[in-house]
Amino acid sequence: MDSPPYTGQAVALATQHGKERALAPPLDRRLGLTVQTVAIDTDQFGTFTGTIPRTGTPRDAALAKARAGMVASGLSLGLASEGSFGPHPWMPFGAGGVETLAFIDAGRGLELTLSAVSRRTNFANHIITAGEDIAPFLARIGFPSHALIVRGPDGGILATGVQDMAALSALAWPGNRLETDMRAHVNPTRMAAIRALAGRLAARLATPCPACGCPGWGQVDVMRGLPCSTCNQPTQAIFAIIDGCSACGHQESRPRPDGVTAASPASCDWCNP
Ligand SMILES: [Zn+2]
Ligand SMILES: [Zn+2]
């Protein structure tokens, strides 16, 4: 087998939030690719606190950050991650997180983004009421290993990155609002999600396109239309996985990895309208 495509090379990572701790080990182990951090102001691409609003999709933001790191470092490989948090898209009463990772290889014309939706996030906020014990909220969000942002009743930020009880007690007045600080270096749950995504990126970069040989072959889409087990009509369920190459555009479909070849009639518009 050939050696992985990026052995001995360096990739620029634009981050202020210590993400190299999560991203570097999988890329080094699997590909021999070294992460080189670049000190640029990533807050210019938007902040979690809303001080600078985000524009575009998380994918756009991650690609823009990766490009900025390449420009600042002069490297032809760029890497960046972007997190977005809010009400979970599929779970009405839970918060969810989406981590997006972008990788650019300018020499090969490769722009690859991967994302993962996770229910495992501590994203939450809480307004303190008079005489209240905030300990249950703190336990739920993983304080103090996970930091807090404190806002006043007018929404103004009083402190960010709060990770000790003494600092929090001085600010824990009724009417103030506690928010989870979602910056990666003060949020171990997020750091773990980024690390898992880095493992997927490394595996993907180790897989060449069967048509052009460019690294990064893997799932880009799904094909719906799994046939109903009773009437054989297509349903909305996933029928096949579509793998693709971000460089040459070649695509191939393959069967579902779970081996399922028919949908339940309960999910069929013909049998169960
Ligand atoms: Zn290709
Ligand atoms: Zn049917």
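Residues numbered from 1 in each chain as written. Chains lettered and ligands numbered in written order. Predicted model: local features only at pLDDT ≥ 70, side-chain atom pairs only at ≥ 80, totals over all residues. Heavy atoms only, no water.

Focus on the overall build of the chain
Each helix and strand in the chain was counted, giving five helices and twelve strands. Oriented by its inertia axes, the alpha-carbon framework of the chain measures out at about 60 × 55 × 30 Å. In the chain, which comprises 273 residues, the proportion classed as buried is 41%. Pairs at least 24 apart in sequence give 59% of the contacts found in the chain among residues at least 6 apart. Taken as a whole, the chain presents about 13,700 Å² of accessible surface, with 55% of it coming from carbon and sulfur. Once the 22 positive and 21 negative side-chain charges of the chain are each reduced to a mean point, those two points are 3 Å apart. (Helix = DSSP H or I, 4+ residues; strand = E, 2+ residues; numbered from the N terminus. Buried < 20%, exposed > 50% of the residue type's maximum accessible area, 1.4 Å probe, protein only. Contact = heavy atoms within 4.5 Å. Areas by Shrake-Rupley, 256 points an atom, 1.4 Å probe, with all protein chains shown as cover. Lys, Arg positive; Asp, Glu negative; His and termini not counted. Charge placed at Lys NZ, Arg CZ, Asp CG, Glu CD.)

Let's talk about the nonpolar core
Across soluble globular proteins, nonpolar side chains show a tendency to be buried alongside one another. Core analysis: the largest hydrophobic core is formed by 28 residues, its most contacted members being Leu27, Leu33, Leu79, Phe103, Leu201 and Leu205. Listing elements by their share of this core, those giving two or more residues are strand S1 (10-14), helix H1 (20-31), strand S3 (77-87), strand S4 (95-105), strand S5 (110-118) and helix H5 (188-205). Residues within four places of Leu79 in sequence aside, it is in contact with Val11, Ala12, Leu13, Ala14, Leu23, Leu27, Val35, Ala66, Leu101, Ala102, Phe103 and Leu201. Residues Ala124, Phe137, Val150 and Leu168 belong to the second largest nonpolar core, which totals 14 residues. (Core = buried A, V, L, I, M, F, W, Y, C linked by side-chain atoms within 4.5 Å.)

Comments concerning the coordination of the zinc ion (ligand 1)
Each protein donor to the zinc ion (ligand 1) is listed here as Cys209 (SG), Cys212 (SG), Cys245 (SG) and Cys248 (SG); together their distances run 2.3 to 2.4 Å. For Cys212, a relative accessible area of 42% gives the class partly exposed. Assessed through its relative accessible area of 8%, Cys245 is described here as buried. (Donors = N, O, S within 2.8 Å, 3.2 Å for Na, K, Ca; no water.)

Topic: the side chain of Glu179
Inspection of the secondary structure assignment puts Glu179 in strand S9 (residues 177-180). Of the residues examined, Glu179 reaches a relative accessible area of 12% and is grouped as buried. Setting aside residues no more than four positions away along its own chain, Glu179 makes contact with Ala124, Asn125, Ala147, Leu148, Ile149 and Arg151.

With respect to the coordination of the zinc ion (ligand 2)
For the zinc ion (ligand 2), the full set of protein donor atoms is Cys228 (SG), Cys231 (SG), Cys268 (SG) and Cys271 (SG), and the range of their distances to it is 2.2 to 2.4 Å. Overall, the relative accessible area of 0% leaves Cys268 in the buried class.

Overview of helix H2 (residues 58-73)
Relative to the 22 Å expected for 16 residues at 1.5 Å per residue, H2 spans 23 Å between its end C-alpha atoms, a close match to the ideal helical length. Within H2 the residues assigned to the buried category are Ala61, Ala62, Leu63, Lys65, Ala66, Gly69 and Met70. Downstream of H2 by one or two residues, Gly74 has phi in the positive range, about 80°. (Expected span 1.5 Å × (residues − 1).)

Some points on the environment of Val162
Relative to the elements of secondary structure, Val162 occurs in strand S8 (residues 157-162). The class of Val162 is buried, set by a relative accessible area of 5%. If we skip the residues at most four places from it in the chain, Val162 touches Phe143, Ala147, Leu148, Val150, Ala167 and Leu168.

Some points on the pattern of salt bridges
Enumeration according to the criterion identifies nine salt bridges in this entry. Where Arg108 meets Asp105, a salt bridge forms, and the shortest distance between an N and an O atom there is 2.9 Å. Its relative accessible area of 4% is what places Asp105 among the buried residues. Residues Arg177 and Glu179 are paired through a salt bridge, measuring 2.8 Å at the closest nitrogen-oxygen approach. Salt bridges linked by common partners bring Arg151, Arg177 and Glu179 together as one network. (Salt bridge = Lys/Arg side-chain N within 4 Å of Asp/Glu carboxyl O.)

Brief notes about the domain arrangement of the chain
When cut into domains, the chain gives domain 1 (10-121 + 187-206), domain 2 (125-180) and domain 3 (221-267). In this assembly, five residues from domain 1 lie in contact with five residues from domain 2. Each partner contributes to the roughly 410 Å² buried at the junction of domain 1 and domain 2, and carbon and sulfur atoms together form 60% of this total. Our count for the contact surface shared by domain 1 and domain 2 stands at zero salt bridges. The interface formed by domain 1 and domain 2 holds one residue pair in polar contact (both at pLDDT 80 or more) in total. Considering only residue class, the side of domain 1 that touches domain 2 consists of one nonpolar, four polar and no charged. (Domains from an automatic or database assignment. Buried area = accessible area lost by both parts, 1.4 Å probe. Polar contact = N/O pair within 3.5 Å; in protein donor to acceptor, adjacent residues only side chain to side chain. Nonpolar A, V, L, I, M, F, W, Y, C, P; charged D, E, K, R; others polar.)

Focus on the packing of aromatic side chains
Here the structure, examined in full by the defined rule, presents one aromatic pair. Where Tyr6 meets Phe103, the ring centres are 5.4 Å apart and the plane angle is 65°; that geometry is what we call edge-to-face. One end of the pair, Tyr6, is in the segment before S1; the other, Phe103, is in strand S4, and 97 residues separate them in sequence. On the basis of relative accessibility, which here comes to 0%, the residue Tyr6 falls in the buried class. (Phe/Tyr/Trp six-rings, centres within 6.5 Å; stacked < 30°, edge-to-face > 60°.)

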